[in-house]
Protein chains: 2
Amino acid sequence: MTVTTEAIVERLRAGDRRVAARVISLIEDGDPATGPLLAEVFRHTGRARVIGVTGPPGAGKSTLVEWLVRAWRERDRSVGVLAVDPSSPFTGGAILGDRIRMASLTHDRGVFIRSMAARGHLGGIAEATPAAIRVLDAMGMDIVLVETVGVGQSEVAIAAAADCTVLVTMPGGGDAVQTMKAGVMEIGDVFVVNKSDREGAVRVKREIGVMLRLQERTPRPPVLLTRADTGEGIADVVAAIDEHLAAAGASGALQERRLRHLKRETLDLIGRQARRQALAALDEDTVARLTDALGARRLDPATVAAHALAAITEGAGNGTVRN
Amino acid sequence: MTVTTEAIVERLRAGDRRVAARVISLIEDGDPATGPLLAEVFRHTGRARVIGVTGPPGAGKSTLVEWLVRAWRERDRSVGVLAVDPSSPFTGGAILGDRIRMASLTHDRGVFIRSMAARGHLGGIAEATPAAIRVLDAMGMDIVLVETVGVGQSEVAIAAAADCTVLVTMPGGGDAVQTMKAGVMEIGDVFVVNKSDREGAVRVKREIGVMLRLQERTPRPPVLLTRADTGEGIADVVAAIDEHLAAAGASGALQERRLRHLKRETLDLIGRQARRQALAALDEDTVARLTDALGARRLDPATVAAHALAAITEGAGNGTVRN
């Protein structure tokens with residue numbers, strides 16, 4: 001279906017929103033038939049700047065994203081937004097509310113907003129999001145904003161795979177900084193302390209500053225105060241993002257970073273694909289036998305994994321992969 | 001080295017703490033030579049009850065763990081503790097402090113405390129922790145407590161792989177419950193609202209209760225109030241854990257759960273092992289060529305991953321895996 005693939009990509013590149021939405025749905029479904037399509041889409045990417053926005057629940061990320069969209073629209077740049085939902089159904093309501101509020105932006109042809117959900121295939125959202133970002137890139141968006149809740153490791157990883165990662169936190173009992181400490185400080189390019197009218201905002205800003213000095217990164221990421229309810233400080237965030245992107249682009253750091261992310265994504269795909277192949281290559285009897293051995297603690301997981309991998313490679317070598 | 005493996009496992013089963021510590025260090029290093037040893041250790045596991053304790057930073061998990069250890073020691077049960085550190089060096093200080101405080105327990109022969117760190121091999125802590133748990137199980141510990149910071153997905157996954165998972169939170173601006181909402185509510189068997197003297201504790205307890213009712217799980221997990229500074233409520237937590245384990249053991253749910261975890265661990269190992277094999281099977285020229293194609297956006301990650309996987313299976317089929 002080469003003709004169809006080319007036709008779809010052509011319509012996508014012309015900015016067809018319905019095509020973009022449909023392709024992202026196929027990606028969410030984990031439909032293997034999208035492979036050739038995504039391979040073609042990939043050739044037309046790399047122009048958009050991808051901004052990750054992450055942080056703990058309740059930090060005000062969605063409202064901040066909304067302000068950023070408006071700020072870039074004023075500067076006449078088109079903006080795609082991907083909101084990555086955690087899989088729990090309990091967050092559905094709140095995120096839907098945000099989406100409805102942001103619907104005021106959807107009459108603007110320069111804005112494309114999409115909520116992402118993992119629909120239960122292996123790898124899920126971590127696998128689907130980079131492909132969805134590329135769809136927005138190929139359709140001509142100047143900026144792609146990816147909003148994730150910085151709770152799960154994979155959500156943080158998604159934001160960290162951006163060209164510029166904005167870490168959002170807020171004042172509140174020191175927990176904000178403690179959460180940031182636990183392995184996510186390293187991924188931020190721009191730090192935002194939102195709800196700056198609350199008590200403790202300046203202290204949180206100072207604490208993040210101290211931790212960043214300990215990291216000795218060059219250039220040191222800025223720490224900015226914002227009020228997402230009034231829009232105060234948003235212009236500074238936009239300026240900081242632009243500055244980061246300009247500096248990284250000029251030094252070659254942006255190209256390096258993108259290649260590093262592409263390589264990691266490739267490695268992750270190899271791992272997930274091998275799992276699927278192993279499952280497909282093992283016949284039911286073998287699975288039952290290995291499961292029994294695990295349950296009876298005769299064979300440990302590493303030994304069973306080695307058996308399964310041998311089954312894939314043998315199957316492929318003989319040209320007789322059993323499905 | 002079959003003799004050595006058997007000798008080591010024999011000493012481990014006799015409760016030799018130095019052997020246990022050394023084996024866990026080998027696991028942390030990701031030494032492939034531990035494979036046969038861990039396969040043998042696995043045969044002598046399944047007796048210990050594994051309790052996961054997880055929650056946001058600052059919830060008081062370590063102090064709670066300390067109380068639990070003392071409570072079980074009073075009931076004459078031996079206890080192993082694995083404290084899983086996030087990889088960030090910034091948390092090192094605080095966790096070391098906890099360890100020093102818990103050192104008062106280390107003169108007790110019925111207690112074995114160990115802090116786990118990932119030393120940079122692929123898979124890291126997620127791969128090392130189940131193996132380390134088995135070492136404590138094989139050395140005869142009645143209870144193995146695994147404490148993780150519920151921030152990263154892999155840390156949460158580690159706790160979730162226990163026989164009973166205790167989710168710890170605390171009052172604080174509603175964030176505690178929001179954090180819990182985002183995909184981790186499902187993993188808790190016993191819920192603890194620590195720092196119950198703080199304002200809002202009863203409200204947090206009630207909110208968690210409401211969410212649990214929405215989940216319609218049977219039996220519904222208990223939500224308990226504790227004060228880790230005074231030990232108030234600890235006896236209830238111990239009773240709730242014992243009750244959960246007894247009920248799960250009697251119904252067969254415990255066996256099912258363990259088998260499910262072993263299968264998932266096996267699948268994860270297949271994925272990680274395949275990544276390693278792919279890297280080993282690809283010669284430098286191929287890696288350089290594929291990396292160029294990625295960087296120039298000629299081939300997308302999925303296509304490159306397919307090439308790499310084909311290289312593994314071909315290499316294995318020909319009996320000529322290139323290292």
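Refer to the structure presented above.
Conventions we followed
- Numbers given for residues are sequential positions, taken from 1 along each chain in its written order.
- A letter from A marks each chain and a number from 1 marks each ligand, given out in the order of writing.
- Note on the predicted model: pLDDT of at least 70 is required for a residue's local features to be given, and 80 or more for side-chain atom pairs to be given and counted; whole-chain, interface and lining totals, by contrast, use all residues.
- Paired strands, as defined in this entry, are two strands with at least two bridges between them according to DSSP.
- Only DSSP runs of H or I with at least four residues qualify as helices, and only runs of E with at least two residues qualify as strands; both kinds are numbered from the N terminus onward.
- Convention adopted: a line fitted to C-alpha atoms gives each axis, helices being fitted over their contacting stretch, and angles between N-to-C directions are expressed from 0 to 180 degrees.
- We call two residues in contact whenever the C-beta atoms placed from their backbones are within 7 Å.
- Three exposure classes are used, all based on how many other C-beta atoms lie within 10 Å of a residue's own C-beta (placed from the backbone): buried at 20 or more, exposed at 12 or fewer, and partly exposed between those limits.
- To estimate the expected span of a helix, subtract one from its residue number and multiply by 1.5 Å.

K.L.:
Hey, could you run me through the sheet that holds strand β4 (residues 143-149) of chain A in this one?
P.N.:
Pairing between the strands of a sheet is mediated by backbone hydrogen bonds and can be parallel or antiparallel. All names here are of chain A. Reading across the sheet, the seven strands line up as β3-β2-β4-β1-β5-β6-β7 and stay open at both edges, with parallel pairing between neighbours. The open sheet has two free edges, formed respectively by β3 (111-116) and β7 (223-225), since each of these has just one partner strand. Adjacent strand axes in the sheet meet at a mean angle of 20° when their direction is disregarded. The sheet contact formed by strand β1 (residues 49-55) and strand β5 (residues 164-169) spans four bridges and is parallel. Each residue of the ladder has a partner; that of Ile 51, found in β5, is Cys 164. Set on the sheet, helix α4 (residues 61-74) makes contact with β1, β2 (79-84), β3, β4, β5 and β6 (190-193); between it and β4 the angle comes to about 175°.

K.L.:
Even after reading the chapter, I still don't get the pairing of β4(A), so can you show me in this structure?
P.N.:
On any regular strand, side chains alternate: one points to one face of the sheet, the next to the other face. Residue and element names in this part refer to chain A. In terms of burial, β4 is largely enclosed, as seven of its seven residues are buried. Across seven bridges, β1 lies against β4 in parallel orientation. Across the sheet, the residue bridging to Gly 52 is Val 146, located in β4. Relative to β4, β2 runs parallel, the two being bridged by six bridges. In the strand pairing of β4, Gly 80 is matched with Val 144.

K.L.:
When you look at unusual backbone geometry in this model, what are you seeing that I'm missing?
P.N.:
Among all residues except glycine, the phi angle is most often negative; among peptide bonds, the trans geometry is most common. For Asp76(A), which is not glycine, the phi dihedral falls at a positive 65°. Tracing the backbone through its elements, the reader meets Asp76(A) in the loop between α4 and β2. On the neighbour-count criterion, Asp76(A) (8 C-beta atoms within 10 Å) is exposed. The phi dihedral of Arg297(B) is positive, around 60°, even though this residue is not glycine.

K.L.:
Explain the environment of Asp189(B) here, please?
P.N.:
Within the fold, Asp189(B) resides in the loop between α8 (175-181) and β6 (190-193). Along the backbone, Asp189(B) and Pro222(B) are 33 residues apart, and their C-alpha atoms lie at a distance of 7.6 Å.

K.L.:
Is there a simple way to think about helix α9 (residues 201-215) of chain A in this case?
P.N.:
Since the α-helix packs 3.6 residues into each turn, any two residues three or four apart lie on the same face. Counted at 1.5 Å a residue, the expected span for α9(A) with its 15 residues is 21 Å, and the 21 Å between its end C-alpha atoms agrees. Trailing α9(A) by a residue or two, Glu216(A) shows a phi angle of about 55°, which is positive.

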